[in-house]
Amino acid sequence: MNQKSELFVEGGVPALTMMSGNGKAEGRRARVYLCECGPIMNEGIDLATLEARIRTLPEVAAVSRYATLCSEQGRTWLADEIAAHGDDLVVIGACSPREHGTTFMNACRRGGLNPYLMAIANIREQCAWITGGKNPATIKAERLIRSAVARVRVQRPLVESEIECNPDVLVVGAGVAGLTAARQLARAGRRVFLVERTPAIGGRVGLLGEVFPNMECASCMIEPLMDEILHHPQIQTLTYSEVESVRGSFGNFIVQIRKRARYVDSSGCYGCRTCQAACPVEIPNEFDFGLSRRKAVYIPYTGALPNASLVDATVCRRFHGEECSACAEACPFGNIRFDTSDEMVELQVGAIILATGSEPAAANKKPLPKRVISSMVLERLINSAGPSEGSVNLPGEAPPRSIALIYCADEAGKAPASSCSKVCCMSMAKYRHQLQQKLPDCTVVEIVWERCTGGKGYREFARHVDTHFPVPRIRLGDCDRVLRFADHGNTVGIRYTQDGMTADLDVDLAVIAPPLRGSETNRRLGQLLRIAVDDQDFFVEEHRHLQSHRSLIEGVMLAGSSQGPKDVQESTAHAAAAAGEVLSLLIPGRKLKVEPATAEVQEDRCAGCGICVLTCPYQAVSLDQTRRVAEINQLLCRSCGTCAAGCPSGAIEARHFTNEQLWAEVEALLNAESTTVFM
Amino acid sequence: MAEKSIDAKGLRCPQPVLKIAAKMPEMKAGDILIVEADCPTFEEDVRKWCERMKKTLLAVNTKGHAKTVQIQF
Amino acid sequence: MTVAFIRPSPTLGSERSSPRTSLGSELSPIPAERSKCVVQEGGRLPFEPKILAILCNWCTYSAADSAGSAHSIYPSNIHIVRVMCSGRVDPCLVFEALKRGIDGVLICGCHPGDCHYVSGNHKTALRVPLLKRVMAGFGIDPERVRLEWISATEANRFVEVAKEMTEQIRSLGPVRQPECR
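This one's a predicted model, so the numbers in the text were calculated from it and none came from an experiment. (Residues numbered from 1 in each chain as written. Chains lettered and ligands numbered in written order. Predicted model: local features only at pLDDT ≥ 70, side-chain atom pairs only at ≥ 80, totals over all residues. Heavy atoms only, no water.)

Draft legend 1. The arrangement of the overall build of chain A in detail. Along chain A, the regular secondary structure elements total 19 helices and 36 strands. The C-alpha atoms of chain A give 34 Å as radius of gyration, which overshoots the globular expectation for 679 residues (26 Å, by more than 25%). In terms of overall dimensions, chain A has C-alpha extents of about 100 × 65 × 50 Å along its principal axes. Considering chain A as a whole, with its 679 residues, one finds that 58% of them fall into the buried category. For chain A, the share of sequence-separated contacts (at least 6 apart) that also reach a separation of at least 24 residues comes to 69%. As presented, chain A carries roughly 27,300 Å² of accessible surface, and 49% of it is formed by carbon and sulfur atoms. (Helix = DSSP H or I, 4+ residues; strand = E, 2+ residues; numbered from the N terminus. Rg over C-alpha atoms; globule rule 2.2 N^0.38 Å. Buried < 20%, exposed > 50% of the residue type's maximum accessible area, 1.4 Å probe, protein only. Contact = heavy atoms within 4.5 Å. Areas by Shrake-Rupley, 256 points an atom, 1.4 Å probe, with all protein chains shown as cover.)

Draft legend 2. Region of the structure containing the state of the cysteines. Counting across every chain of the model gives two disulfides over all chains. Each sulfur of the disulfide joining B:Cys13 and B:Cys39 lies 2.2 Å from the other. Across the S-S bond of B:Cys13 and B:Cys39 the torsion is about -60°, and the bridge reads as left-handed. A residue pair is termed long-range when its members are at least 10 positions apart, and B:Cys13 in the loop between strand S1 (3–7) and helix H1 (15–23) and B:Cys39 in the loop between strand S2 (32–37) and helix H2 (42–53) qualify at 26 residues. There is no split in this pair, since B:Cys13 and B:Cys39 are both buried. There is no disulfide at A:Cys324, and the cysteine sulfur nearest it, in A:Cys316, is 6.3 Å away. By relative accessible area, which is 18% here, A:Cys324 ends up buried. A:Cys612 takes part in no disulfide bond, and the closest cysteine sulfur, belonging to A:Cys609, lies 6.1 Å away. (Disulfide = S-S within 2.5 Å.)

Draft legend 3. Spotlight on helix H19 (residues 659–670) of chain A. Residue and element names in this part refer to chain A. When the terminal C-alpha atoms of H19 are compared, their 16 Å separation across 12 residues agrees well with the 16 Å that a helix rising 1.5 Å per residue should span. Counting buried positions over the 12 residues of H19 gives 12, a clear majority of the element. Among the residues of H19, those classed as buried are Asn-659, Glu-660, Gln-661, Leu-662, Trp-663, Ala-664, Glu-665, Val-666, Glu-667, Ala-668, Leu-669 and Leu-670. (Expected span 1.5 Å × (residues − 1).)

Draft legend 4. Spatial organisation of the pairing of strand S12 (residues 252–259) of chain A. Residue and element names in this part refer to chain A. Both strand S11 (residues 241–249) and S12 contribute to a ladder of eight bridges, which runs antiparallel. Bridging from a neighbouring strand, Ser-249 pairs with Asn-252 of S12. The turn linking S11 back onto S12 is made up of two residues, and Gly-251 within it adopts a positive phi angle of 95°. Relative to strand S17 (residues 343–349), S12 runs antiparallel, the two being bridged by seven bridges. Counterpart to Ile-257 in the pairing with S17 is Val-345. (Pairing = 2+ DSSP bridges.)

Draft legend 5. Region of the structure containing the sheet that holds strand S4 (residues 118–122) of chain A. Residues and elements named next belong to chain A. Here four strands make up an open sheet; going across it, the order is S2-S1-S3-S4 and the pairing parallel. The sheet is open, and its two edges are formed by strand S2 (60–66) and S4, each paired on a single side. Neighbour-to-neighbour, the strand axes of the sheet open up by a mean angle of 20°, direction not taken into account. Here strand S1 (residues 30–35) pairs with S2 via six bridges, running parallel. Residue pairing across strands places Arg-31 opposite Ala-62, the latter belonging to S2. (Axes fitted to C-alpha atoms, helices over the stretch in contact; angles between N-to-C directions.)

Draft legend 6. Fine view of the side chain of B:Asp31. Residues and elements named next belong to chain B. The topology assignment puts Asp-31 in the loop between H1 and S2. Buried Asp-31, no salt bridge; nearest opposite-charge side chain is Lys-28, N-O distance 4.9 Å. Looking at Asp-31, its side chain comes within polar contact range of the main-chain nitrogen of Ala-2, at 3.0 Å. At a separation of 2.8 Å, a polar atom in the side chain of Asp-31 contacts the main-chain amide nitrogen of Lys-28. Setting aside its immediate chain neighbours within four residues, Asp-31 contacts Met-1, Ala-2, Glu-26, Ile-71, Gln-72 and Phe-73. (Lys, Arg positive; Asp, Glu negative; His and termini not counted. Salt bridge = Lys/Arg side-chain N within 4 Å of Asp/Glu carboxyl O. Polar contact = N/O pair within 3.5 Å; in protein donor to acceptor, adjacent residues only side chain to side chain.)

Draft legend 7. Broad picture of the interface of chain B and chain A. Between chain B and chain A, the contact holds 17 residues from the first and 21 residues from the second. The tally of links from chain B across to chain A stands at two salt bridges. Note that B:Lys48 and A:Asp227 form a salt bridge whose closest N and O atoms lie 3.4 Å from each other. The interface formed by chain B and chain A contains seven residue pairs in polar contact (both at pLDDT 80 or more). Elements that contribute at least two residues to the side of chain B that touches chain A include exactly H1 and H2 of chain B.

Draft legend 8. Molecular detail of the nonpolar core. Residues A:Ile652, C:Leu52, C:Val94, C:Val105 and C:Val145 are the most contacted members of the largest nonpolar core, which totals 50 residues. Discounting residues that sit within four places of it in the chain, C:Leu52 has contacts with A:Val666, A:Leu669, C:His79, C:Val81, C:Ala97, C:Ile102, C:Gly104, C:Val105 and C:Leu106. (Core = buried A, V, L, I, M, F, W, Y, C linked by side-chain atoms within 4.5 Å.)

Draft legend 9. How the structure looks around the sheet that holds strand S27 (residues 509–512) of chain A. Residues and elements named next belong to chain A. On the basis of which strands lie adjacent, the open sheet formed by five strands has the order S20-S27-S21-S22-S23 and parallel pairing. A strand with exactly one partner marks an edge of an open sheet, and here the two such strands are strand S20 (372–374) and strand S23 (473–475). Put simply, the sheet's adjacent strands are angled 20° from each other on average, direction ignored. Taken together, the three bridges between strand S22 (residues 443–448) and S23 define a ladder with parallel strand orientation. From the neighbouring strand, Glu-446 faces S23, where its bridge partner is Arg-473. Here helix H12 (residues 375–382) sits on the sheet in contact with S20, strand S21 (402–406) and S27, set at roughly 90° to S20. Contacting S21, S22, S23 and S27, helix H13 (residues 424–438) crosses the sheet at an angle of about 165° to S21.

Draft legend 10. Region of the structure containing the packing of H12(A) against H13(A). All names here are of chain A. Between H12 and H13, the least distance of the axes is 11 Å, while the angle of their chain directions is 30°. Taken as a pair, H12 and H13 cross one another with a handedness that is left-handed. Counted together, Ser-375, Leu-378, Glu-379 and Ile-382 of H12 and Lys-430, Tyr-431, Gln-434, Leu-435 and Lys-438 of H13 form the full contact between these two elements. Of the residues assigned to the contact of H12 with H13, the class counts are four nonpolar, two polar and three charged. (Left-handed = near helix turned anticlockwise from the far one by under 90°. Nonpolar A, V, L, I, M, F, W, Y, C, P; charged D, E, K, R; others polar.)

Have a look at this one:
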């Protein structure tokens, strides 16, 4: 081991001795440029003295001053200077690097010098302006300049490189957010792959009847959007498909999609439903929450797009050993094809947008009496295209004579502590409006803790409904709870507390609004993409306020309610933001700049312990299991340096912030031996 | 030249157009299909459908909220 | 007592063009005329602590800049080194600084939960207490290292901490005995 090159030496070798001519520097000298900042700098620092002192250093080739380096003339002057003295490094004594770091890096580029061969000494904000006295300030400025000179002499010219990127985009989820994002991208000329897990596009909004606050027809609202998507030459829609794996990184993702077999040639299917009439298998329809029935060969719901049948292999007799071809024989066009199978499709895209939406929480998973339904079920009952054709009755029954609307109770029957789901209170107001029209003789009662009406036109609508369709409202306090539901055959009993007193209510139908959570697929997708989901299964955004449409993984965007509860307006705007981000980051023909000051593993030092992998929140560090060394993806690395500080072997170099460079700055402080430095 | 009709009143988008598409196998060249619907985007949807499928939209009549279209196949 | 290696130098054995012969820069020593000490009455030199402040770019370094804009005065004993994240702060570097004569080290980052790089400051929060235990084991007062969370809007807090720490380290005295300097 070369003892002279030790950072950590045995014994206590005084810094001064270490520094005096021990070994060779690389022979590089620095040119120091002091910015006068107009008249400002000289007020705090004696620039003439500073200049004179710095000039005496052998490591410094020259010192010059300029009135305002950041001005246009200043920048040109600086660039010319740098060009004229190409062999020298550059140190700039000026304002904070946070202020003009980029300015000076650009001047280096213009002058033909690698911008990483420059260092800035913050002699304004962190010296001239904060030191009590010109003399100590000048001395401190000298120390800071010496730090910068020491640092720049061990800086390296980092390569600023570019890579080709793929401008195509994958949108996961074809609800209203995914559709919006896909359309926006396609209109800009990008190729879009839209992958939807269910057989139909449109998501939850496709199941709604009318949307608040203006009671617009939901399907009419999104139908033009869906139509454009399905017929757009730039968009390839894969329904009944799921993301299986994702490799690569921003600009170059490789995605495997499982396109599940429909067993029906969708391009030929007219949706005539002859096959369905012939099918012998009947099961509850999950799209109507079990309130209607469907066949094994089916179209999910009335008006579903694409309007094509599919065979549900989990219930179809043919896939359970029986010989049945009823649908294939019935189809007038011969579109039923049992000889197909799931297809794996590989897509290459540059960015991914997750628009997988949200769903009501577990309330439906716990068995509830049949007369307790969730708000989405009531939505379907009210919908004229739904299982009751708009008569609001449960199958085989007369319409309810009394309905209790229970706002915002979680599984335990109390007001949930999780994030407000945004849409439930307004949905309840909408239902009151609709019930008044459809069932004018029905008694509606509300059980409410608090009501949230945040949105344009929302409070007005809620008040309008309150005024014109007033209903008894049972107001619960913070400690009150809905205790339980009791099945009374033709009615359901609701036991609740109000101001601590227990009370009972008996109604034909009780409607609950369970809180929304991220889709159940979010967790799995999050693992595939290494994006975190929170405890409500919503994807975690990059920054709550400023970057809620971005995830922490570069190139993966979040759109709509997959990131947090949103109404339709917010979902579509959020999706447009995600699409906009992709459009501005990935431009066909333009290469992606790779950030040079990333971290790098020096493999000969790496023991393969894997500690670095754990430190990185961006999943940029991985362990090559065969070679037992760590690897850092240069596109994913965000240059924080946490892995470098955590490596027990010192095997990771945090470029431009190496231990060597930081130590060079420290050494200048150490070198300030004398106490006169501070006087 | 046969004339067929569909009453799609009360049906919401996209069902009226889906009904037209489902009827298509029955229509021979020259036949006319009359469709009545009251869904707000009905006219626009029919125009797009006719353009795509290369059928002629003969007439659009408005009666209150409902519209009646005539399509020649 | 010899000081054990914490870990080998990162630059050892690298294939770069010239072997590093010392860490850092080998700047020439301060010219003799500037290192004359002012001798006080009684011949004792006033002790001025050297305090290294390693600040994260997004939070505390920005706060220090704001303190500058506000012209808030704090002692020039504080020497600021910028890192992108407090997670970059290598405890070995801090330890070496103390060993070589830096009297105090101030490490500052964003408040937990606000790290620009998500969790870098969480790592720092784990590393610094361990560092302090190692320091104590070597007879270096753990008070010489201070970890603070200072956001970009807390310029006043930065100034307060800078002043406090300078006085505290001053009262602790030099980290190395005078005869070793």
